[in-house]
Every structure is written in structure tokens, then in C-alpha cells.
Amino acid sequence: MSDRHPLFKPLIFVGGIVFGFGLGFSHMARPEVVLNFLQFDDLGLPFVMFGGAIVSGIAFALLPRIRDAAPLTGDPYERRLKPFDRNVLVGGAVFGVGWGLSGICPGAAYASLGVGNVTILWALAGMFIGAYAQGYWRSRRQARDTAATGAD
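Model, not experiment: these values are computed from the prediction.

The rules behind the values
- Residues numbered from 1 in each chain as written.
- Predicted model: local features only at pLDDT ≥ 70, side-chain atom pairs only at ≥ 80, totals over all residues.
- Heavy atoms only, no water.
- Core = buried A, V, L, I, M, F, W, Y, C linked by side-chain atoms within 4.5 Å.
- Buried < 20%, exposed > 50% of the residue type's maximum accessible area, 1.4 Å probe, protein only.
- Contact = heavy atoms within 4.5 Å.
- Salt bridge = Lys/Arg side-chain N within 4 Å of Asp/Glu carboxyl O.
- Helix = DSSP H or I, 4+ residues; strand = E, 2+ residues; numbered from the N terminus.
- Arc of directions from axis to C-beta.

**Topic: the nonpolar core**
Residues Leu23, Met28, Leu45, Trp99, Ile104, Ala109 and Ile120 are the most contacted members of the largest nonpolar core, which totals 15 residues. Here Met28 is in contact with Leu23, Val33, Val34, Gly44, Leu45, Val48, Ile104 and Ala108, once residues within four sequence places are set aside.

**A look at the pattern of salt bridges**
Under the defined criterion, the tally for this structure stands at one salt bridge. The partner of Glu32 in a salt bridge is Arg30, and the shortest N-O contact between them spans 2.8 Å.

**Section: helix H2 (residues 31–38)**
When we look at burial in H2, the residues that qualify are Pro31, Val33, Val34 and Phe37. Seen end-on, H2 carries its buried residues on one side only, within an arc spanning 160°. Phi for Phe40, located one or two positions after H2, is positive at around 60°.

**Things to note about helix H5 (residues 106–114)**
Of all the residues in H5, the buried ones are Ala108, Ala109, Ala111 and Ser112. For H5, the arc enclosing every buried residue in end-on projection is 165°, short of the 170-degree limit, so these residues lie on one face. The positive-phi residue at the C-terminal boundary of H5 is Gly116, with phi of around 100°.

Shown next as C-alpha cells:
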């Protein structure tokens, strides 16, 4: 994507630093905090999530009124709706099981590594293997469906 603004990647990097700092500062990069939330013992996680959602929601509501396109990419602001289908339900359920078993979600896993939790490398390795397996399964399924359609 050579048509992007030269500051695109550095600002994404800075955004990651801010995100990671926020996760570490709020203790959301600690699996025990996430597991305590999932057991309804600590409700700090929803407050952090809702706080981030409110700030993002305000930005997404105001920016299209101020500018026609995103400043760094030039892409127009538009809603991209994904259908609520079986893949969303199954994927959400599988994600939830993985979240409960590992006690961490992907973004927080990297932040957890940053705060010294080396054991989280096992969860990160599992995430990579799971994502690869899903991609492999989907590509095989698409190839099979294409071959079946082409044979008709």
C-alpha cells in the first residue's frame, strides 16, 4: 500500500504503544484479572472496555462530520457491516473458550508479554497455531467447494 501517508506506520506503532500502556496500566494484561472478570469476581474489565468503546464511539461519530476521508489512508469513512451468521456464532464461541482457558485475549497477550509474563508465550503460540489451522481449513474448504462447482 504505497499510496498511504508516510506517517501511517509510525502512527500505528504509536497507537500500539498507547494501547499496550493502557492495558498494562489498567492491569488488563494480567490473566488473573481477566479470569476474575470471567468468574464475576472483578468487574474492572468491563469498565476499561466501555471506557475505550466510548472514546472510540465519539471519534467514529465525529470524524466523518469533520473530514470526508481518513487523514492517513484517504479511505472514505463508511460502515462495513458483517452479516451475523453461523461463522460469527461459532467463532465467538470458540474465541470465548480460548479466552477462558488462557485467561487472555490477543491484544492483551502481547501487552502481558511486555509486562514480563513470559509464560504467555504458550498462549501466543496456541493463537498462531489456531489461526493457521483455521486458515488452512478454510482454504481447503474453499478449494473443495470450487472444485465441486467447477465439476458441474
